[in-house]
Amino acid sequence: MGVPVNSLASPRFCGVRTFQRLPHSADCSGHDFAVLGVPFDTATSYRPGCRFGPAAIRDASSILKSYHSVLDVDIFEHCQGVDAGDVDIIPGYLDESFERIEAAVKELNYYPNENARNLLKRRSGMIGVVVPTITYPYYSEMISFLEKFLKASGYKILLCNTSFSSGASQDYIKLLNNNRVDGAIIFNYKLTEQDYASLSFPIVSIDRHIRDEASYVASDHVQGGTLAADCLLRCGCRHVIQIGGSFEDDAPWNIRHQVFRDIMAKHQVDCFSYEQVRDSHTFHDYRQIVLGLLREHPETDGIFCNDLCAAAVLNAAMSLQLRVPEQLKIIGYDGTFLSEIVTPSITTVWQNTEKIASSAADIIVKMIDDPSFSSYHLTLGVRLIERDSTRCG
């Protein structure tokens, strides 16, 4: 049985010292836990003594009682364990000792308890990631990169998909607070300043200005809107449509639509801006919107929108027997894989999602490690990738 020796049968000062007077056994099968000593201090300069640690801990543990009178819990009614002894390290031989330690740990099938480690550090080891949807490829790429970079820093992500719902966004804010996450990276623009003020942990927003003292990472959407407008102008477009979300949202991504519209007006190009205010942004939704716009504005010769919408434009143009790019030029935004896999391939303004994610992860980790870390605002460049949907000649 993997329980301590009864002190009534054998006094605590008697017997061979094991941790909490557990049975000594190298065979840990059938037990819930094992205690392994590592009497190692070979690499310690001027202050050896760690080698005596396991023996001292075992000696002190002999007075520990398994029953807690206040909580009325006896831990050994719920689990059993053994003392597996010490690793036989080789004094003065660092590499060989490490090999023996690793072999002993592997034999016990030991994995670090992250919850226990985080409890000691007073952290959860979790970072919330709040996105408006997981179906759009841009957000899927961002989530994948964020998980990769945060994992490298020792964090896991708690993914919150709000599905463009303000109610769900507020529910997730409560969830993050209740789960004591160490920080959050937020894409969502359905939250109010009051929602953000209720957070008890550091945050980094992506493509969203929350307040001056809040950190954010964004693409250079002035550059993005300019690149898209210039491309359609070079192709000779005179009647264009741009499709975006709510143009009233105070968000960096909205700037590209303002810049695009202003450039078109400067060159006396007819520009109709369609505001997608619905909370559903699927391929089917975009296709229905585009079919209606092209029927209402048959003179249209250029469309600017995100990559998913651009793929829907291509599909709608085919249904209406419009040739791309001869009759209709299309420019997407984001640079996701969607712009490459369709035929004809779609010209797009590429955002560096990997750099955005790595920067956001780096900033949030610094904010967690150093509460005095000042807010950080980062704007990253974009570039135009020209493909078949805007071939001009």
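Heads up: the structure comes first, above all this text.
Positions within a chain are numbered from 1, following the residues in the order the chain's sequence is written. Under the rules for a predicted model, residues below a pLDDT of 70 receive no local features and side-chain atom pairs below 80 are neither given nor counted, while totals for whole chains, interfaces and linings still include all residues. Calculation of side-chain values draws on the structure's entire complement of heavy atoms; hydrogens and water are dropped beforehand.

**Student:** Hey, could you run me through the nonpolar core in this one?
**Tutor:** Nonpolar side chains tend to gather and get buried jointly when the protein is soluble and globular. As used here, the term nonpolar core means buried Ala, Val, Leu, Ile, Met, Phe, Trp, Tyr and Cys residues forming a set that is joined through side-chain atoms within 4.5 Å. Throughout this description, buried means an accessible area under 20% of the type-specific maximum (1.4 Å probe, protein chains only), exposed means over 50%, and partly exposed covers the range between. Counting residues in each nonpolar core, the largest one holds 53 residues, and the members touching the most others are Leu150, Ile185 and Phe187. Among the secondary structure elements, those contributing two or more residues to this core are strand S5 (126–131), helix H4 (137–152), strand S8 (203–206), strand S10 (239–244), helix H9 (283–296), helix H10 (307–319), helix H12 (353–369) and strand S15 (377–380). Contact between two residues is taken to exist if any of their heavy atoms lie within 4.5 Å; hydrogens are not considered. When residues no more than four places from it in sequence are discounted, the contact partners of Leu150 are Ile127, Tyr155, Ile157, Ile185, Ala361, Ile364 and Val365. In this structure, Cys231, Ile263, Met264 and Tyr333 belong to the second largest nonpolar core, which totals 18 residues. Where helices and strands are cited, they refer to DSSP runs of H or I of at least four residues and of E of at least two residues respectively, numbered from the N terminus.

**Student:** Is there a simple way to think about the packing of helix H7 (residues 221–234) against helix H8 (residues 255–266) in this case?
**Tutor:** Geometry of a packed helix pair, given as the angle between the helix axes and the separation of the axes. Running from amino to carboxyl end, H7 crosses H8 at an angle of 35 degrees, the nearest separation of the two axes being 7 Å. The two elements H7 and H8 meet at a crossing, and its hand is right-handed. Across the interface between the two elements, His221, Val222, Gly225, Thr226, Ala228, Ala229, Asp230, Leu232 and Leu233 of H7 pack against Ile255, Arg256, Val259, Phe260, Ile263 and Met264 of H8. Axis lines are fitted to C-alpha atoms, over the contacting stretch for helices. Their N-to-C directions set the angle, which ranges from 0 to 180 degrees. A crossing counts as left-handed when the near helix is turned anticlockwise from the far one by less than a right angle, and as right-handed when that turn is clockwise.

**Student:** Looking at this structure, how should I read the pattern of salt bridges?
**Tutor:** Opposite charge on two side chains permits pairing when their charged atoms draw close. Salt bridges are defined as contacts in which a side-chain nitrogen from Lys or Arg sits within 4 Å of a carboxyl oxygen from Asp or Glu. Going through the model one piece at a time under the given rule, you end up with nine salt bridges. In this structure, the salt-bridge partner of Asp41 is Arg51, at a minimum N-O distance of 2.9 Å. With a gap of 10 residues between them, Asp41 in the loop between strand S1 (33–37) and helix H1 (53–61) and Arg51 in the loop between S1 and H1 connect regions that are remote in the sequence. With a relative accessible area of 4%, Asp41 lands in the buried category.

**Student:** Would you mind showing me how to read H1 here?
**Tutor:** Residue pairs three or four apart in sequence face the same way in an α-helix, which turns once every 3.6 residues. Along H1, the residues classified as buried are Pro54, Arg58 and Ser61. Down the axis of H1, the buried side of the element spans an arc of 70 degrees, and every buried residue falls inside it. Where H1 is buried, its residues touch S1 and strand S4 (81–86). The reported arc concerns the directions from the helix axis to the C-beta atoms and nothing else.

**Student:** Is there a simple way to think about the sheet that holds strand S6 (residues 156–161) in this case?
**Tutor:** Backbone-to-backbone hydrogen bonds join strands into a sheet, with any given pair of strands oriented parallel or antiparallel. Ordered by their spatial adjacency, six strands build an open sheet running S6-S5-S7-S8-S9-S15, and the pairing between neighbours is parallel. Each edge of the sheet is formed by a strand with only one pairing partner; in this case those strands are S6 and S15. The mean inter-strand angle of the sheet, taken between neighbouring strand axes irrespective of direction, is 15 degrees. Two strands pair if DSSP finds at least two bridges between them.

**Student:** What should I look at first to understand unusual backbone geometry in this one?
**Tutor:** Only a minority of non-glycine residues have a phi that is not negative, and only a minority of peptide bonds are not trans. Residue Val324 is joined to Pro325 through a cis peptide bond whose omega torsion reads 15 degrees. Checked against the element boundaries, Pro325 lands in the loop between H10 and strand S13 (329–334). Residue Thr343 is joined to Pro344 through a cis peptide bond whose omega torsion reads 0 degrees. With respect to the element layout, Pro344 can be found in the loop between helix H11 (338–341) and strand S14 (347–350). The backbone phi angle of Gln321 is positive, close to 60 degrees, even though this residue is not glycine. Relative to the helices and strands, Gln321 is located in the loop between H10 and S13. Accessibility expressed as a relative area gives 70% for Gln321, which makes it exposed.

**Student:** Sorry, what's going on with the sheet that holds S13 here?
**Tutor:** In space, the six strands of this open sheet follow the order S11-S10-S12-S13-S14-S16, with mixed pairing throughout. Of all strands in the sheet, those with a lone pairing partner are strand S11 (270–275) and strand S16 (383–385), marking the two edges. Sheet twist, expressed as the average angle between the axes of neighbouring strands with direction ignored, equals 20 degrees. One ladder, built from four bridges, connects S13 with S14; its direction is parallel. If you follow Tyr333 over to S14, its bridge partner there is Val349. Contacts between H7 and the sheet are confined to S10, strand S12 (302–304), S13, S14 and S16, with S13 contributing the most and set at about 165 degrees to the helix.

**Student:** Would you take a moment to explain a nonpolar patch on the surface for this structure?
**Tutor:** Here the term patch refers to residues with relative accessible area over 30% and no salt bridge, with like charges joined within 9 Å and nonpolar side chains (Val, Leu, Ile, Met, Phe, Trp, Tyr) within 5 Å. Per-residue and other accessible areas follow the Shrake-Rupley method at a 1.4 Å probe size, with only the shown protein chains counted as cover for residues. A cluster of nonpolar side chains, Val70, Leu71, Val73 and Ile75, forms an exposed patch at the surface whose accessible area comes to about 370 Å². Mapping Ile75 onto the fold places it in the loop between strand S3 (73–74) and S4.

**Student:** Sorry, what's going on with H8 here?
**Tutor:** To estimate how far a helix should extend, the number of its residues minus one is multiplied by 1.5 Å. Helix length check: H8, at 12 residues, gives a terminal C-alpha distance of 16 Å against a target of 16 Å (1.5 Å per residue), a fit within 8%. Regarding H8, the residues found buried are Arg256, His257, Val259, Phe260, Ile263 and Met264. All buried residues of H8 lie within an arc of 165 degrees about the axis, which places them on one face of the element. Facing away from the buried side of H8 by over 90 degrees, the exposed positions are Asp262, Ala265 and Lys266. The inward-facing, buried residues of H8 contact H7, S10, S11, S12 and S13. Positive phi appears at Gln268, one or two residues downstream of H8, with a value of about 55 degrees.

**Student:** How do you make sense of the pairing of S4 when you look at a structure like this?
**Tutor:** Two faces, one strand: in a regular strand the side chains alternate between the faces of the sheet. Burial of S4 is extensive: five of the six residues sit out of reach of the surface. Alignment of S1 against S4, held across four bridges, turns out to be parallel. Of the residues in S4, the one forming a bridge with Ala34 is Val82.

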